[in-house]
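# Per-entry structural report
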2 protein chains.
Amino acid sequence: MAEAAGRVAIESVTPEVDSGRFPIKRVPGETVIVECDAFADGHDVVRCLLLYRREQDTAWKESVMRPRGNDRWRGEFRVEELGRYAYTVEAWIDAFETWRGNLVKRIDAGQDTRVDILIGVALIQSAADRASEPDRELLARWAGDLSAAAVDTVAQSLALNEEFASILRRYPDRASATRYPGEFRVRVDRRKARFSAWYEMFPRSCASSADKHGTFADCEARLPYVAAMGFDVLYLPPIHPIGRTHRKGRNNTVEAGPEDVGSPWAIGGEAGGHTAIHPSLGTLADFNRFVSAAGRHGLEVAMDIAFQCSPDHPWVREHPEWFRRRPDGTIQYAENPPKKYQDIFPLDFDTPAWRELWEALREVIRFWAEQGIRIFRVDNPHTKAFPFWEWVIERIQSEYPDTIFLSEAFTRPKVKHRLAKLGFSQSYTYFTWRNTAAELTAYMRELISPGIREYLRPNLWPNTPDILPEYLQIGGRAGFIIRLILAATLGSNYGIYGPAFELLENTPGVPGGEEYFASEKYEIRQWDLDSSVSLKNLIARVNRARRENPALQHDWRLHFHEVDNPEILCYSKTNPDCSNVIVVVVSLDFQHVRSGWVRLDLDKLGLSESSSFQAHDLVGDGRFLWQGSRNYVELDPQGVPAHILRVRRKVRSEEDFDYYL
Amino acid sequence: MAEAAGRVAIESVTPEVDSGRFPIKRVPGETVIVECDAFADGHDVVRCLLLYRREQDTAWKESVMRPRGNDRWRGEFRVEELGRYAYTVEAWIDAFETWRGNLVKRIDAGQDTRVDILIGVALIQSAADRASEPDRELLARWAGDLSAAAVDTVAQSLALNEEFASILRRYPDRASATRYPGEFRVRVDRRKARFSAWYEMFPRSCASSADKHGTFADCEARLPYVAAMGFDVLYLPPIHPIGRTHRKGRNNTVEAGPEDVGSPWAIGGEAGGHTAIHPSLGTLADFNRFVSAAGRHGLEVAMDIAFQCSPDHPWVREHPEWFRRRPDGTIQYAENPPKKYQDIFPLDFDTPAWRELWEALREVIRFWAEQGIRIFRVDNPHTKAFPFWEWVIERIQSEYPDTIFLSEAFTRPKVKHRLAKLGFSQSYTYFTWRNTAAELTAYMRELISPGIREYLRPNLWPNTPDILPEYLQIGGRAGFIIRLILAATLGSNYGIYGPAFELLENTPGVPGGEEYFASEKYEIRQWDLDSSVSLKNLIARVNRARRENPALQHDWRLHFHEVDNPEILCYSKTNPDCSNVIVVVVSLDFQHVRSGWVRLDLDKLGLSESSSFQAHDLVGDGRFLWQGSRNYVELDPQGVPAHILRVRRKVRSEEDFDYYL
């Protein structure tokens, strides 16, 4: 016979990911709202505590959970520091509260309570035994006075003394408490994991003339341009030496000419591998200077982690055991039959030398972390073994807790989600291919559903160097504006690949394909940054709206509102107390003027049907007077077919002309 | 660094209850359909096996899981024997299938495959090393022939030989397989746990005249009556000696007269406790004879397990430590302040002597199990410690695997569900208070939802000795018929408390209350079984419909169909292949004739819009010719305001007049 477990059952603790197998994610200052079912047999009063601690601490902190009805309890704690927290739940039967509640009922029913008072005396005395001074003395005196009270009404009144009870409640009898058998974890990343605007740029295309290979000094000159658009993460494709063997030519041709620069993702050459810098870009010192300069412009540099090797990578010679060898003695190149990528050797995660391989890969990330890099965009993590990612992210983050990893897993949903669970701080999404109102609504609702949002932070990209989506190919200027505004306001994390994006680059390599013509992956491009078609000013306004409005810095309170025109999408974001409210209205039609009536769910916005408010368009700077839920919108693809409306409530004061806050 | 885990991730295994903490439930012959997500990094082919075994066996049996798309897999196994089974999932990367699939693509693309053939040779050879004779020899020869094949097309054709491949597939390389880290359990109860019709009857009311206390011999005489109605479980309230101290009088009065027989739930007196028989009913031998006689009538006797004691129970003297003592030296009686139940002492599950208490209670159940009793209806299990139930049910069922426990937990939802998880085979439900179409639909859908049906088997009761619901108080004969047909067809397990039910007893003890006037809990009743109002013939028809139609013997395929009259409820049940289809149409209005158009979801019934079929009413024996989804119904509370329609498909043969099967 097992030791009798506690009489309280605890079930259905939330939030949790796969029953606690993986941590939930937060940033400092955020709250973890924990709920559980806790109940006992019979009618006794149950009490429930939320226990939490930083993972490295041994002692639990406690937070009272309160009943929500139907045996559900809720408590919460704030996370303040980077790293990991743990939490669980404990519950027990509170004999004192049970007794007290019953006593009230007995008194109300006019019953004899003399024996009940004596039961209470014993309960108070046992609490006194658990208490520390001076409470011990005080509770003991209470018990004494209560047992000595000769008049029933005096005893009853003394028994129900609220002041004494509140002291007693500090010393519950938790000897028979039930502790939930599992512990749950929280990974706390820094704030940028939740709110960031990424700009991807090829450093080698930053030179002042087209026939030159850009350097980090050129990149430095580009910083004011990027900073002026309001981004805060500057992400560079790999900056390492590029292989010569089987190098790809322009437009991904199999034979490279002598002038072809190759793909930056074919990492490794004479000058080194994953910890080396491409000589044409500069030196490590140049790189570090550039990173510092970027910081002064408010731009944090993100590096690309692409764990694969060109045939010329030093590891191919030094560690042949990390690659798979074919029966003819050659090394297995990357392939997705019948496609072959002979310029790239994948690392063999099935190698018996996997321990050394894992360590070497970890050392690559550490090397760059030691240079001050704290954001890594990981290329194709879904083609490397899952256990490796869990291990390496945990190791890096325990050494550098402010490290952020973005998963570039454009792959099947389950695989993408697994990578997020394993530790990636942000994830690329299918947003890139979601175009209609129904698609966008369903997908964003899925991403912010309780089962997913706890571990996956979406990062929305309208384009990447690999993906020029059909919508941008055919949508013209309006199409680019629509996709920009959707990405930047649906997602608190978003990014664009520029200058291709702001310059409306839309020619595909082959019709029906999604590769860019003259893709920067294979050649240096010169961009006319001052082109009159550039969206740079619009982008700057959108990023300013994001920075100035806390509502746009979090995804969970995204809410979609009805519009009577299916080509118009309307959604809102708010901060928790609705003091900051953003309503976005976007036409998804890049060809025709679209109009319709929006029906706002006012309760989501902290507004009432009778209230009028100013809807201030942070993009076009227009100001509309709206009232209640139904309001008219008209969106023209010739201009900006979208509004990012900040709701400004009327201040009903005649003393001031600033009616709207 | 941990040992590198397998590259395959396994997630979201279903079915499961609280991540495997509790078993799912089945009966012999049923299938457990197991699904999981299983996927690896990259594009390699994954294979997935369902592992299962009887819990006492050490070796797993294996069943192949097949992909369902989106990385979801499905497999199944049948349970055949009572007791417990375990199951889990294993998955691995299949190097041979990966190679084979890629080879096909390469051949289709006209690529050179010489090196690939050599890779295949190595894979086949390693499979040969794992194989047993004669397959080992055969595979080795295949590898040899393949490596010797000089002509490419010959080699390709030999490499893709399907016969050899199917032999090779018997010897997968599972060295790096991922085993799901948890195991899941199945509790297999006998078939009656899923399909049963209960009749509750007070033995002491079975005497031939009102002034006599019924005996087991009287009960024996009553058996043909109960059997004729078609029930298969005969449930008796407690048959033990009844306490005299604080005995309750008729209609639950506090002072019993000398003639008052007391409540059978106030267990224990001079003649003994939970293993004794009330002397007025007879002896243990009489009881055993009655149980045998019942069996001959197709009736299995269910006993009441009510773990509480009258003040006269032998345990009060023999084991005072099993009761809570008040400061005045008296034993704590049952109460729900301000209500007091001085005729009942609860057992104290918090006693330091809980081990001895648990064992004694187990011995009570064992005692009756040894008399051949295998069905126990447990009184108020929600007022006893949860861990006790899990322990005692597991112990009893490992000794007597055919034991069924019905949980009488009319309490809060979470508590009721916990008890089902802990092991109760069947559970009373809130059906008793669900009257409207919306209430019934929502509640039954909840009960058969995947999250609940795996552990909770509903048992639907329109009335009990404790509950005469308002609907029966005011609904008259039609009301009783409606509730009977709902219980018997919505639930594969159902029961009535008779003869109060079939004789339409509907007078409450106090207006607004749910107790019966002149409740059999406190007095002997004489029933006029031959009354013309009796529903016994109707009940017999309903129970025959249940016995003859497998569709009504399972709850999971219950489906609700639209009716354009909200007072009419329409639902169907089918067996898995829709060879047996029952459509029930019930008016919920006991006052007015109701008519409406039913819209059947034909795909749930294996029917098409163009097909006509006979709807044969198993209650009224009417036959209707229905076609397609929309059909008219009219239900009159003066008659039977319900149809239990068996769908009989037309047999399109002119050789026979039996058009309908």
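About the thresholds
- Numbers given to residues run from 1 along each chain, matching the order in which its sequence is written.
- Chains and ligands are labelled sequentially in the order written, the chains with letters from A and the ligands with numbers from 1.
- Residues qualify for local features only when their pLDDT is at least 70, as the model is predicted, and side-chain atom pairs are given and counted only at 80 or more; totals for whole chains, interfaces and linings, by contrast, use all residues.
- Derived side-chain values reflect all non-hydrogen atoms in the structure, with water molecules and hydrogen atoms excluded from consideration.
- Numbered from the N terminus, helices here are DSSP runs of H or I no shorter than four residues, and strands are runs of E no shorter than two.
- What makes two residues a contact is simply this: any of their non-hydrogen atoms within 4.5 Å.
- In this description, accessible areas are obtained by the Shrake-Rupley approach with a 1.4 Å probe, and a residue is regarded as covered only by the protein chains that are shown.
- When charges are tallied, Lys and Arg are placed among the positive residues and Asp and Glu among the negative ones, while His and the ends of the chain are skipped.
- Where a charge sits is defined by one atom per residue type, namely NZ (Lys), CZ (Arg), CG (Asp) or CD (Glu).
- Note on aromatic contacts: the rings of Phe and Tyr and the six-membered ring of Trp form a pair at centre separations within 6.5 Å, being stacked when their planes are under 30 degrees apart, edge-to-face when over 60 apart, and tilted otherwise.
- For the exposure calls, accessible area comes from a 1.4 Å probe over protein chains only, and a residue counts as buried if that area is under 20% of its type's maximum, exposed if over 50%, partly exposed in between.
- Only when the NZ of Lys or the CZ of Arg is both within 6 Å of the ring centre and within 35 degrees of the ring normal is a charge said to sit over the ring.
- Note on definitions: buried area is the accessible-area loss of two parts on being combined, 1.4 Å probe, summed for both.
- Each salt bridge in this description consists of a side-chain nitrogen of Lys or Arg and a carboxyl oxygen of Asp or Glu lying within 4 Å of one another.
- Definition of a polar contact: a pair of N or O atoms within 3.5 Å, with one able to donate and the other able to accept a hydrogen when the atoms are protein atoms, and with sequence-neighbouring residues admitted only if both atoms are side-chain atoms.
- Residue type decides the class: Asp, Glu, Lys and Arg count as charged, Ala, Val, Leu, Ile, Met, Phe, Trp, Tyr, Cys and Pro as nonpolar, and the leftover types, Gly among them, as polar.
- Superposition of the copies used a least-squares fit over C-alpha atoms from residues whose pLDDT is at least 70 in both.
- One less than the number of residues in a helix, times 1.5 Å, gives the span that helix is expected to have.
- Think of the arc as the fan of directions from the helix axis to the C-beta atoms.
- Pairing between strands is defined by DSSP: at least two bridges between the two strands are required.
- Whenever a helix is involved, its axis is fitted only over the stretch in contact; in every case the axis is a line through C-alpha atoms, and angles between N-to-C directions fall within 0 to 180 degrees.
- Confidence scores here are pLDDT values: one per residue, from the predictor, ranging 0 to 100.
- Should an angle fall under 35 degrees it is taken as roughly parallel, and over 145 as roughly antiparallel, whereas 65 to 115 is taken as roughly perpendicular and any remaining angle as oblique.
- We call a crossing left-handed when the near helix sits turned anticlockwise from the far one by less than a right angle, and right-handed when that turn is clockwise.

## Focus on the overall build of chain A
- In terms of helices and strands, chain A carries 15 helices and 30 strands.
- For chain A, the C-alpha atoms occupy an extent of roughly 105 × 70 × 45 Å along the three principal directions.
- For chain A, the share of sequence-separated contacts (at least 6 apart) that also reach a separation of at least 24 residues comes to 74%.
- If you sum the accessible surface of chain A, you get close to 26500 Å²; carbon and sulfur atoms cover 49% of it.
- In chain A, 83 side chains carry a positive charge and 94 a negative one; their mean positions are 1 Å apart.

## Considerations on the environment of serine 629 of chain B
- Relative to the helices and strands, serine 629 of chain B resides in the loop between strand E28 (623-627) and strand E29 (630-635).
- For the pair serine 629 of chain B and tryptophan 597 of chain B, spaced 32 residues apart in sequence, the C-alpha separation works out to 9.5 Å.

## A closer look at the packing of aromatic side chains
- Within this structure, the stated rule accounts for 85 aromatic pairs over all chains.
- With centroids separated by 4.5 Å and ring planes inclined at 15°, the aromatic side chains of tyrosine 52 of chain A and phenylalanine 77 of chain A adopt a geometry described as stacked. With a gap of 25 residues between them, tyrosine 52 of chain A in strand E4 (residues 46-54) and phenylalanine 77 of chain A in strand E7 (residues 72-78) connect regions that are remote in the sequence. For the pair tyrosine 52 of chain A and phenylalanine 77 of chain A, one class covers both residues: buried.
- Taking 5.3 Å as the distance between ring centres and 45° as the angle between the ring planes, the aromatic pair formed by tryptophan 358 of chain A and tryptophan 391 of chain A counts as tilted. Linking tryptophan 358 of chain A in helix H9 (residues 354-370) with tryptophan 391 of chain A in helix H10 (residues 386-399), this pair joins segments that are 33 residues apart in sequence. Each member of the pair tryptophan 358 of chain A and tryptophan 391 of chain A is classed as buried.
- Site record: aromatic cluster; members linked through ring pairs are Phe307, Phe349, Trp354, Trp358, Phe376, Phe388, Trp389, Trp391, Phe405 and Phe424 of chain A.
- A cation over an aromatic ring shows up here: lysine 416 of chain B above the ring of tyrosine 430 of chain B, its NZ or CZ 4.6 Å from the ring centre.
- Lying across the ring of phenylalanine 431 of chain B, arginine 483 of chain B places its NZ or CZ 4.2 Å from the centre.

## Brief notes about the interface of chain A and chain B
- The interface of chain A with chain B comprises 59 residues on the first partner and 59 residues on the second.
- At the boundary of chain A with chain B, total buried surface from both sides reaches about 5000 Å², with 55% on carbon and sulfur atoms.
- Applying the counting criterion to the chain A and chain B interface returns 12 salt bridges.
- Note that lysine 414 of chain B and aspartate 37 of chain A form a salt bridge whose closest N and O atoms lie 2.8 Å from each other.
- At the boundary of chain A with chain B, the tally comes to 19 residue pairs in polar contact (both at pLDDT 80 or more).
- Elements represented by at least two residues in the side of chain A that touches chain B include exactly strand E1 (8-14), strand E3 (31-40), helix H1 (95-108), helix H2 (114-130), strand E15 (334-336), H9, H10 and helix H11 (413-422) of chain A.
- At 5 residues, H11 of chain A tops the list of elements feeding residues into the side of chain A that touches chain B.
- Residue classes in the side of chain A that touches chain B are distributed as 24 nonpolar, 11 polar and 24 charged.

## Here's the deal with the relation of the copies chain A and chain B
- Turning chain A through 180° and shifting it by 0.0 Å along the axis lays it on chain B, with an RMSD of 0.1 Å. These values place the two chain copies in the arrangement generated by a two-fold rotation axis. For chain A, the residue whose C-alpha comes nearest the rotation axis is serine 19 of chain A, separated from it by 3.5 Å.
- The share of interface residues of chain A whose copies in chain B are also at the interface is 100%, consistent with both copies meeting through the same surface.

## A closer look at unusual backbone geometry
- A cis amide bond, omega 0°, links glutamate 133 of chain B with the succeeding residue proline 134 of chain B.
- By the element assignment, proline 134 of chain B lies in the loop between helix H2 (114-130) and helix H3 (135-148).
- Each neighbour pair has its own omega, and for proline 337 of chain B with proline 338 of chain B the value is 5°, a cis peptide bond.
- Here proline 338 of chain B lies in the loop between strand E15 (334-336) and strand E16 (339-341).
- One non-glycine residue, serine 19 of chain A, lies in positive phi territory at about 55°.

## Overview of the pattern of salt bridges
Residues and elements named next belong to chain A.
- Taken as a whole, this structure holds 116 salt bridges over all chains when the rule is applied.
- The partner of arginine 362 in a salt bridge is glutamate 399, with the nearest N and O atoms 3.9 Å apart. Here the residue arginine 362 occupies a position in helix H9, and glutamate 399 occupies one in helix H10, the gap between them amounting to 37 residues.
- What makes arginine 362 buried here is its relative accessible area of 14%.
- By relative accessible area, glutamate 399 is classed as partly exposed at 30%.
- Across the pair lysine 536 and aspartate 530 runs a salt bridge whose closest N-O atoms are separated by 3.4 Å.
- Since its relative accessible area comes to 21%, lysine 536 is described here as partly exposed.

## Things to note about H3 of chain B
Residues and elements named next belong to chain B.
- With 14 residues, H3 ought to run about 20 Å at 1.5 Å a step, and its terminal C-alpha atoms sit 20 Å apart, in line with that.
- Residues Asp135, Leu139, Trp142, Ala143 and Leu146 constitute the buried set of H3. Across the axial projection of H3, the buried residues extend over an arc of 95°, all falling on one side.
- Of the surrounding secondary structure, the elements contacted by the buried residues of H3 are helix H1 (95-108), H2, helix H4 (152-159) and helix H5 (162-168).

## Structural notes on the environment of threonine 507 of chain A
All names here are of chain A.
- Relative to the helices and strands, threonine 507 is located in the loop between strand E22 (493-497) and helix H15 (536-548).
- Its relative accessible area of 38% is what places threonine 507 among the partly exposed residues.
- Spatially, the C-alpha atom of threonine 507 lies 9.2 Å from that of leucine 472, the residues being 35 residues apart in sequence.
- Residues in contact with threonine 507, not counting those within four places in the same chain, are Leu468, Glu515, Tyr516 and Phe517.

## A few points about the sheet that holds strand E21 (residues 458-459) of chain A
All names here are of chain A.
- Read from one edge of the open sheet, 8 strands run E21-E20-E19-E18-E13-E12-E11-E22, paired in parallel fashion. Here the strands that pair on one side only, and so sit at the sheet edges, are E21 and E22.
- Pairing of strand E13 (residues 300-305) with strand E18 (residues 375-379), which is carried by 4 bridges, proceeds in the parallel orientation. Within E18, the position partnered with aspartate 304 by the bridge is arginine 377.
- On the sheet, H15 packs against strand E11 (196-200) and E22 and is oriented at approximately 165° with respect to E22.

## What about the confidence of the model for chain A?
- Mean pLDDT over chain A works out to 95, with 97% of the residues at or above the 70 mark.
- Overall fold confidence for the complex sits at a pTM of 0.94, while the interface term, ipTM, reaches 0.93.

## Digging into helix H14 (residues 470-490) of chain B
- Relative to the 30 Å expected for 21 residues at 1.5 Å per residue, H14 of chain B spans just 20 Å between its end C-alpha atoms, considerably shorter than the ideal helical length.
- By the criterion of burial, H14 of chain B is predominantly enclosed, with 17 of the 21 residues buried.

## Some points on the packing of helix H9 (residues 354-370) of chain B against helix H10 (residues 386-399) of chain B
Residue and element names in this part refer to chain B.
- Running from N to C, H9 and H10 cross one another at 40°; their axes reach a closest spacing of 10 Å. Our classification of the angle between H9 and H10 gives oblique. Regarding H9 and H10, the two cross each other, and that crossing is right-handed. Contacts between H9 and H10 involve Trp358, Glu359, Leu361, Arg362, Ile365 and Arg366 on the former and, on the latter, Pro387, Phe388, Trp391, Val392, Arg395, Ile396 and Glu399.
- Counted by class, the contact of H9 with H10 contains 8 nonpolar, no polar and 5 charged residues.

## Things to note about the sheet that holds strand E13 (residues 300-305) of chain B
- The sheet built from 8 strands is open, its strands ordered E21-E20-E19-E18-E13-E12-E11-E22 (chain B) with parallel pairing. Single-partner strands in this sheet number two, and they are strand E21 (458-459) and strand E22 (493-497) of chain B.

## Points about the pairing of strand E27 (residues 612-617) of chain A
Residues and elements named next belong to chain A.
- Along E27, 6 of the 6 residues are buried, which leaves the element largely enclosed by surrounding structure.
- In this structure, E27 lies alongside strand E28 (residues 623-627), joined through 5 bridges in antiparallel fashion. In the sheet register, phenylalanine 613 faces E28, and the bridge partner there is tryptophan 626.
- Relative to strand E30 (residues 642-649), E27 runs antiparallel, the two being bridged by 5 bridges.

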